[in-house]
Structure formats: structure tokens, C-alpha cells
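Observations on chain architecture
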Amino acid sequence: MTGTSLTPEERESGTVFAPKFDAVGLLTAVVVDDASGEVLVVAHMNAEALEATLSTGKVHFWSRSREALWMKGETSGNVLTVVQTLVDCDQDALVIRAVPAGPTCHTGARSCFYRQIDVRDGKPVLVRG
């Protein structure tokens, strides 16, 4: 899964999957619930996590803090089963439509995005949604 020699036209309009990882070897993956479209989690993948996701149909990430590959739900059982994987125009970000087997967030929330930012008295505060 390489392809740094692609022309911009080939990268943006062609059929060759050539993910463009950043300087530390990562790309951003946004996982959304296939049924509702709700954003569940945003994390990073290296080449190994991407390959594991594509080959197993279960979402894998690269943990920057632990410096390790991990399958979402490997300890909780709340895996994310891939339905569809989309790549953006320059192939440096993914949107993965998935079916969650339970809560996605390590806090037990359905999504990692369970708070919104409100402005009160001119200051941002977090409000649980």
C-alpha cells in the first residue's frame, strides 16, 4: 500500500489505493456508525493497523501513547465491524462505516464525542449531550 509516485490526477481520480501517511507514518481514521452516521471515534492508523483492518474487517488503530497496534474492542468485546471504508481525495484520511458491538468510548459512552462545547458568559464550557 504505497504509491508516492502517483501524479495528483492518479491519486485523486484513479483506482490505485496509495495511502499517504504523515511524517510519523500515520493517517487519520474517522469511524461512524453505519446505521446512524454518528461519529464514534477518531484515531490514527499506521500501515500495519490499516492492513489489519482491511484483512480482518475489524477496526484496528495505532496507539500513539502505547506505541502499539490494537484492535478496537480487543479487551471489552466492543469491536467495530467494518461495513465500508472511504478514502479522501488525497488519500491521507479515512472514513470507516462500522457496526459497533457496544459502547465505543473507553468511558462507556456510545461515542467518544459525548460532550459539546457551549459558550457561557464568553467562556467555553463542556456540556454532556
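Use the structure listed above.
This section reports on the structure supplied with the text.

Analysis parameters
- Residues numbered from 1 in each chain as written.
- Predicted model: local features only at pLDDT ≥ 70, side-chain atom pairs only at ≥ 80, totals over all residues.
- Heavy atoms only, no water.
- Phe/Tyr/Trp six-rings, centres within 6.5 Å; stacked < 30°, edge-to-face > 60°.
- Buried < 20%, exposed > 50% of the residue type's maximum accessible area, 1.4 Å probe, protein only.
- Helix = DSSP H or I, 4+ residues; strand = E, 2+ residues; numbered from the N terminus.
- Pairing = 2+ DSSP bridges.
- Core = buried A, V, L, I, M, F, W, Y, C linked by side-chain atoms within 4.5 Å.
- Contact = heavy atoms within 4.5 Å.
- Axes fitted to C-alpha atoms, helices over the stretch in contact; angles between N-to-C directions.

**Brief notes about the packing of aromatic side chains**
- Applying the stated criterion across every chain, the model contains one aromatic pair.
- Ring geometry for Phe61 against Trp70: centres 5.3 Å apart, planes inclined by 50°, an arrangement best described as tilted.
- Judged by its relative accessible area of 0%, Phe61 falls in the buried class.

**Focus on unusual backbone geometry**
- A positive phi is found at Gln91, a non-glycine position, where the angle reads about 60°.
- Checked against the element boundaries, Gln91 lands in the loop between β5 (80–87) and β6 (93–100).
- The exposure class assigned to Gln91 is buried, which follows from its relative accessible area of 3%.
- Its identity is not glycine, yet Asp121 carries a phi of approximately 55°, on the positive side.
- With respect to the helices, strands and loops of the structure, Asp121 is situated in the loop between β7 (115–120) and β8 (123–128).

**Some thoughts on the pairing of strand β4 (residues 68–71)**
- As paired strands, strand β3 (residues 60–63) and β4 are joined by four bridges and run antiparallel to one another. Considered in β4, the bridge of Phe61 is made with Trp70.
- Between β3 and β4, which follow one another and run antiparallel, lie four residues, and Glu67 among them has a positive phi close to 55°.

**Notes on the nonpolar core**
- Core analysis: the largest hydrophobic core is formed by 16 residues, its most contacted members being Val31, Met45, Val59, Phe61, Leu80, Leu94 and Ile96.
- No other element matches strand β2 (residues 39–45), which puts four residues into this core.
- Contacts of Leu80, omitting those with residues within four sequence positions, involve Val31, Leu40, Val41, Gly57, Lys58, Val59, Lys72, Ala98, Val99, Pro100 and Thr104.

**Observations concerning the sheet that holds β6**
- Spatially, β2-β1-β6-β5 is the arrangement adopted by the four strands of the open sheet, whose pairing is mixed. Each having just a single partner strand, β2 and β5 make up the two edges of the open sheet. When strand polarity is set aside, the average angle formed by the axes of neighbouring strands in this sheet is 25°.
- Inspection of the sheet shows strand β1 (residues 27–33) paired to β2 by six bridges, in the antiparallel sense. Residue pairing for β2: Val32 is matched across the bridge by Val39.
- Contacts from helix α2 (residues 47–56) reach β2, β5 and β6 within the one sheet, and its direction differs from that of β2 by about 130°.

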